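Read off the chains here:
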Amino acid sequence: MNTINNRVFIFTVLLLLNAVTVFSQLANQNTTLLAQKDEHGNGYSALWGYAGPNGREYAILGCNTGTAFYDITDTANIHEVDFVTGVTSGWREMKVFSSYAYVVSEGTNSRLQVIALQYLPDSVSLVATYSYTGYTKTHSISQSGPYLYLHGGNVTQGGTDPGGITILDITNPTAPVKRGSWSNFYVHDSRILNDTIYACNIYDPPGTISVINAANKDNLTTIASWVNNPNPFPHNCAIPIDRRFIYTTDETSSPNGKLKVWNKSNLNNVTLVTTWQPTNITTAIVHNVEIYNNLAVIAHYTAGIRILNITNPQTPTEIAWYDTYPSSNSSQFSGCWGVFMFPSSGKIIGSDMSGGLFVIKLGSPVTGITGNQSIPSEFSLSQNYPNPFNPSTTIEYNVPKSSYVTLKVFDVLGRQVALLADEFKIAGSYKQNFDAGRLASGIYYYTLATDNGFTETKKMILNK
């Protein structure tokens with residue numbers, strides 16, 4: 001074979017090998033990369049997003065030595081704004097309430113960092129490092145209204161396993177107050193819906209989902225539980241609009257962890273509906289799932305960021321993906337760690353353990369971000385119920401278009417006594433529980449305000 005023929009042969013082989021590689025990986029589908037930021041070395045972990053009241057969007061990225069804050073508003077100028085140093089840790093997670101980020105890790109004596117975001121887009125500021133007796137580290141953190149839910153680490157004392165769940169009241173965002181704990185089993189992560197906690201007991205008894213009543217933040221009680229079979233290793237969970245269902249992720253390498261869909265309409269008989277894996281990939285391990293109305297966004301380790309249409313929650317259909325870890329689809333704990341979608345712009349951010357921050361957008365228009373729920377025709381604030389109440393009540397309000405919303409409670413002297421919502425909301429109808437167990441009997445007022453200029457106030461009576 002002459003030199004020219006040799007070259008043609010080698011080139012043909014390379015094309016064939018490349019075709020095989022592309023087929024095994026699949027080209028990225030219906031997504032465009034806006035930016036990748038890898039400025040803090042290997043060892044990235046979780047991430048979250050913050051949509052500010054001025055319409056700007058920020059990615060918050062967990063790094064080995066701290067937390068990085070990126071302004072992603074201008075797609076042509078995605079850049080790091082600031083960095084807050086923390087205890088060195090391979091796991092760092094965060095959530096946002098009002099204009100504060102709350103960051104935890106499993107690093108020794110890492111505790112809870114409270115970081116002010118109101119100085120953005122210029123900078124952020126560490127305003128407090130919070131702890132309580134016996135608490136020094138956390139595995140993960142959830143948030144619902146003015147409450148944080150700490151999991152794992154040593155967040156609880158006593159019980160069968162100290163790594164349960166503890167609630168912090170952040171009605172005053174810079175001064176958390178410890179409330180109740182639940183320590184029946186180790187809690188890896190949780191999802192909270194209407195004061196009900198769905199806790200992932202990744203190891204115990206093993207592999208259960210525990211359903212916990214948290215209406216009384218000082219006294220958490222177990223409602224029900226079920227084993228996450230087969231391959232019971234529930235890592236995290238999320239709940240679609242049709243609340244009869246719940247999605248769980250199994251973080252195992254053998255067999256490869258899958259997304260599961262459960263029918264939970266009867267908590268005494270929760271049934272497995274289906275399982276899901278990425279298109280043409282059966283080897284990668286699922287990690288985290290987040291749901292935004294009719295879209296589920298998934299961090300799927302070596303398979304990257306995956307987006308599902310869950311208009312029918314029983315039959316998730318993959319519609320887009322971006323592979324943040326194209327070198328492999330193997331069953332290793334590498335690649336995409338966390339995901340978040342911004343409700344206004346639809347930008348999706350993902351954290352890759354070795355690649356850092358990825359900012360992507362969906363290609364062709366994708367319906368579903370506003371959900372299939374009935375969108376209200378106007379802004380409105382309903383009368384709380386029950387009223388009078390003792391000690392908790394429910395407040396409902398309607399948001400006809402995506403808006404930044406605040407819901408505040410005041411006493412008769414006009415002093416703010418509670419902050420129930422302070423965040424960007426997708427168009428829809430919302431319920432917010434108000435726990436007034438620590439307030440005195442009397443008349444109170446609650447006010448809903450939006451960045452569209454809507455404001456409404458109603459009176460309620462606390463009668464202990």
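Please refer to the structure higher up on the page.
A quick note: this is a predicted structure, and the numbers were derived from the prediction, not measured.

Colleague: An account of the environment of Tyr58 is requested, with residue identities and associated values reported.
Modeller: Here Tyr58 lies in strand 3 (residues 57-63). Look at Tyr58 and you get buried, because its relative accessible area is 2%. The contacts of Tyr58, once residues within four sequence positions are left out, are Trp48, Gly49, Tyr50, Tyr70, Asp71, Ile72, Leu120, Pro121 and Phe342.

Colleague: So, the nonpolar core: which residues are in play, and what are the values?
Modeller: If you look at the biggest cluster of nonpolar residues, it comprises 51 residues, and the most contacted ones within it are Leu117 and Ile349. When near neighbours in sequence (up to four residues on either side) are disregarded, Leu117 contacts Tyr50, Phe69, Val96, Ser99, Tyr100, Ala101 and Val124.

Colleague: Outline the pattern of salt bridges, supporting the account with residue identities and numerical values.
Modeller: Two side chains that carry opposite charge are able to pair once their charged atoms sit near each other. As enumerated under the stated definition, the model contains 16 salt bridges in all. The partner of Arg306 in a salt bridge is Glu318, with the nearest N and O atoms 2.6 Å apart. Of the two residues, Arg306 is situated in strand 24 (residues 305-309) and Glu318 in strand 25 (residues 317-322); the sequence distance between them amounts to 12 residues. Here Arg306 matches Glu318 in class, with each residue buried. A salt bridge links Asp411 to Arg415, with the shortest nitrogen-to-oxygen separation between them at 2.7 Å.

Colleague: How would you explain the sheet that holds strand 16 (residues 208-213) if you had to name every residue and give the values?
Modeller: Taken in spatial order, the 4 strands make up an open sheet running 14-15-16-17, and their pairing is antiparallel. Each edge of the open sheet carries a strand with a single partner, namely strand 14 (189-193) and strand 17 (221-227). The average angle at which neighbouring strand axes cross in this sheet is 20°, direction not considered. As paired elements, strand 16 and strand 17 share 6 bridges and run antiparallel to each other. Each bridged residue has a counterpart across the sheet, and for Ile209 the counterpart in strand 17 is Trp226.

Colleague: Explain the sheet that holds strand 18 (residues 234-238) to me, and be specific about the residues and the numbers.
Modeller: Spatially, 18-19-20-21 is the arrangement adopted by the 4 strands of the open sheet, whose pairing is antiparallel. Only two strands of the sheet have a single neighbouring strand rather than two, namely strand 18 and strand 21 (271-276). This sheet shows a mean twist of 30° between the axes of neighbouring strands, independent of strand direction. Alignment of strand 20 (residues 259-263) against strand 21, held across 5 bridges, turns out to be antiparallel. Bridge pairing links Leu259 to Trp276 in strand 21.

Conventions and cut-offs
- Within each chain, residue numbers correspond to sequence positions counted from 1 in written order.
- For a predicted model such as this one, the threshold for reporting local features is a pLDDT of at least 70, and the threshold for listing and counting side-chain atom pairs is 80 or more; totals across whole chains, interfaces and linings nevertheless cover every residue.
- Working from all heavy atoms in the structure, the side-chain values ignore hydrogens and water.
- In this description a helix means any DSSP run of H or I spanning at least four residues, a strand means any run of E spanning at least two, and both kinds are numbered starting from the N terminus.
- Buried, partly exposed and exposed residues are distinguished by accessible area as a fraction of the type maximum, computed with a 1.4 Å probe on protein chains only: under 20%, between the cut-offs, and over 50%, respectively.
- Residues are treated as being in contact if the distance between any of their heavy atoms lies within 4.5 Å.
- The definition of a nonpolar core used throughout is a set of buried Ala, Val, Leu, Ile, Met, Phe, Trp, Tyr and Cys residues joined through side-chain atoms within 4.5 Å.
- The term salt bridge refers to a side-chain nitrogen of Lys or Arg lying within 4 Å of a carboxyl oxygen of Asp or Glu.
- Note on pairing: DSSP must find at least two bridges between two strands before they are called paired.
- For helices, the fitted axis covers only the stretch in contact; all axes are lines through C-alpha atoms, and the angles between them, taken along N-to-C directions, range from 0 to 180 degrees.

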